[in-house]
Amino acid sequence: MTIYSGPVFDMASQQFSVIADHLSIPINERDRLLMPKRAITISCPIHRDDGTTAVFEGYRVQHHLTLGPTKGGTRFAGSVDLGEVAALAIWMSWKCALVGLPYGGAKGGIGVDPASLSKRELESLSRRYMQEMIPFVGPHTDIMAPDMGTNEQVMAWFMDTYSMYHGRTVTEIVTGKPVSAGGTLGRREATGRGVAYLARRVMSDLSINLSDATAVIQGFGNVGSIAALELSNMGVRIIAVSDHTGALYRAAGLDVPDLIKHVSAHGNLAGYSNELSYDPANILTLPCDVLVPAAIERVIDAKAADELRCRIVAEGANGPTTPEADLVLERRQKEIFLIPDILCNSGGVIVSYFEWVQDLQQLFWEEDEVMRREFQILDRAFDQMTLRAKRDRIFNRTAAMSIGVERVRAAKNMRGLFP
Ligand code: GLU
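So, here's what we can say about the structure. Position numbers for residues start from 1 in each chain and track the written sequence from start to end. Only residues with pLDDT of at least 70 get local features here, since the model is predicted, and only at 80 or more are side-chain atom pairs given and counted; chain-wide, interface and lining totals rely on the full set of residues. Working from all heavy atoms in the structure, the side-chain values ignore hydrogens and water.

1. A short note on the overall build of the chain
- On a plain count of helices and strands, the chain comes out with 14 helices and 12 strands.
- If you line up the chain on its principal axes, its C-alpha atoms span 55 × 55 × 45 Å.
- The contact criterion used throughout is that any non-hydrogen atoms of two residues lie within 4.5 Å. By sequence separation, contacts in the chain at least 24 residues apart represent 70% of the contacts at least 6 residues apart.
- Surface accessibility follows the Shrake-Rupley procedure with a 1.4 Å probe radius. Residue values consider only the protein chains on display as shielding. Accessible surface computed for the chain: about 17,300 Å², of which carbon and sulfur atoms make up 51%. Each helix is a run of DSSP H or I of at least 4 residues and each strand a run of E of at least 2, with the numbering of both proceeding from the N terminus.

Right, dumping it as structure tokens:
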């Protein structure tokens, strides 16, 4: 038992044990690699619109400081707890190391459903969260970004709060900001674009014709909606999408731009169409070429993994597949190609890195430069993963995580243990 214990942290530990066994990492080195360096828990009081005071719990976990500052998103969701945030921070570490960014992993969050707050309350809570975190973050210590339930506006409030405290504008304290406030072109689209880019690469390897291909997208937030849009722009038919309010299915393909218009007006998919509505419980197992889980953790369990009828799983979410489901997918790897989360959704943090670099240098790039470099890094990491998987005859997740863990371990061993 640790303070992090819970289903999501236990999953991250279990995954790490598989990799540590595979890499024959001595038992006495394992805790140093797995256990987070720091965890901060704060209380964020705000005035509600009705005059009462409400207090929300906030967290930030910084996993390791070996390769540079820590980096990772901030999640606002009712389900957020310390263990989930710790697991997400650990996954950020393997992700950053796999794609070669000079960061350790971090993640933060507040246990709140942002839809239950007015805009003014959301601003107060965002500002108070950043204000409480000021002693623990910094452009060379820990750099925040968006995650589930947060967006560019929240990042702008974070940046403004930090900057007001320091008496000057510090854009490099957070990434995923609006372009009008020091953000980079291509960050909002980066994660979904990366998911679609890698899915297309695998479709081409498997000789799947884009115009005959179908995709199912679970989750229609920033990642799911952009992945759907990019795939449909490539000619892929998006036959089903879902979010926490329900699912839609249309064999001939859904109109993705229209869905995005609906979601920006109403906040979610509810009310889009009664005729197309579908049971969200069955969406993952629909026959399709590309399945994109882009919602929350642990949605593909062993039973679902057994019933999947797709050719490619492109993990837009962090941790959507349980370790038990991994055993099934490993067995089915000839039928289903897995693009594991730490590679598949890494476009987000890759372009966050570009944003940080541009802010530090005050020299801004064109969008095609951002995209070209994003795809170059994704291609390199994809090549390294597939080479390793072939060479060692291992599952894609094992290969990707092994590369990430190995790099963190090599840096730790080279730097040694202080004092
Ligand atoms: N929250 C995103 C992730 O899980 C992005 C993190 C970042 O851009 O720093 O990868």
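So much for the structure itself; the text now carries on.
2. A look at the sheet that holds strand S6 (residues 214-218)
- Here, strands pair whenever DSSP counts at least two bridges between them. Spatial strand order, S9-S8-S7-S6-S10-S11-S12: seven strands in an open sheet with mixed pairing. On the outer flanks of this sheet lie strand S9 (277-278) and strand S12 (337-339), each paired with one strand and no other.
- As judged from the four bridges shared by S6 and strand S10 (residues 290-293), these two strands associate in the parallel manner. Within the sheet, the bridge partner assigned to Ala 215 lies in S10 and is Val 290.

3. Quick word on the sheet that holds strand S1 (residues 38-47)
- What the five strands build is an open sheet, ordered S1-S2-S4-S3-S5; its pairing is mixed. Two strands lie at the open edges of the sheet, namely S1 and strand S5 (142-146), each paired on one side alone. The mean angle between the axes of side-by-side strands here comes to 25°, regardless of whether they run parallel or antiparallel.
- Sheet topology note: the S1/strand S2 (residues 53-62) ladder contains 10 bridges and is antiparallel. Within the sheet, the bridge partner assigned to Cys 44 lies in S2 and is Phe 56. Each axis is a line fitted through C-alpha atoms, and for a helix only the stretch in contact is used; angles between axes span 0 to 180 degrees, taken between their N-to-C directions.

4. Quick look at the site of the ligand
- Only heavy atoms are used to decide nearness, and a residue is near a molecule or strand if one of them lies within 4 Å of it. Every one of the 14 residues lining the ligand counts as a neighbour, but Lys 71, Lys 95, Lys 107, Asp 147 and Ser 352 are closest to it.
- Each polar contact in these results corresponds to two N or O atoms within 3.5 Å; when the atoms are within protein, one needs to be able to donate a hydrogen and the other to accept it, and residues that are neighboring in sequence are counted only if both atoms are side-chain atoms. Within the contact set of the ligand, an oxygen atom lies 2.8 Å away from a side-chain nitrogen or oxygen of Lys 107.
- Between Pro 146 and the ligand, the recorded distance is 2.9 Å, taken from a backbone N or O atom to a nitrogen atom.
- Within the complex, 94% of the 290 Å² of free accessible area of the ligand lies under protein.
- Secondary-structure elements contributing two or more residues to the shell around the ligand are strand S3 (70-77), helix H3 (82-98), S5 and helix H12 (347-361).

5. A word on the packing of helix H6 (residues 187-205) against helix H13 (residues 367-392)
- It is at 10 Å that the axes of H6 and H13 come closest, and there the two elements cross at 50°. Taken together, the axes of H6 and H13 are oblique relative to one another. Helix-helix and strand crossings are classified by hand; for H6 and H13 the assignment is right-handed. Across from Glu 189, Ala 190, Arg 193, Gly 194, Tyr 197, Leu 198, Arg 201, Val 202 and Asp 205 in H6, the residues of H13 making contact are Glu 367, Met 371, Glu 374, Phe 375, Leu 378, Asp 379, Phe 382 and Asp 383.
- We call Asp, Glu, Lys and Arg charged. Ala, Val, Leu, Ile, Met, Phe, Trp, Tyr, Cys and Pro are nonpolar, and the rest, Gly among them, are polar. Residues that form the contact of H6 with H13 fall into these classes: eight nonpolar, one polar and eight charged. Orientation labels follow simple angle bins: below 35 degrees gives roughly parallel, above 145 gives roughly antiparallel, 65 to 115 gives roughly perpendicular, and whatever is left gives oblique. For a crossing to be left-handed, the near helix must be turned anticlockwise from the far one by less than a right angle; the clockwise case is right-handed.

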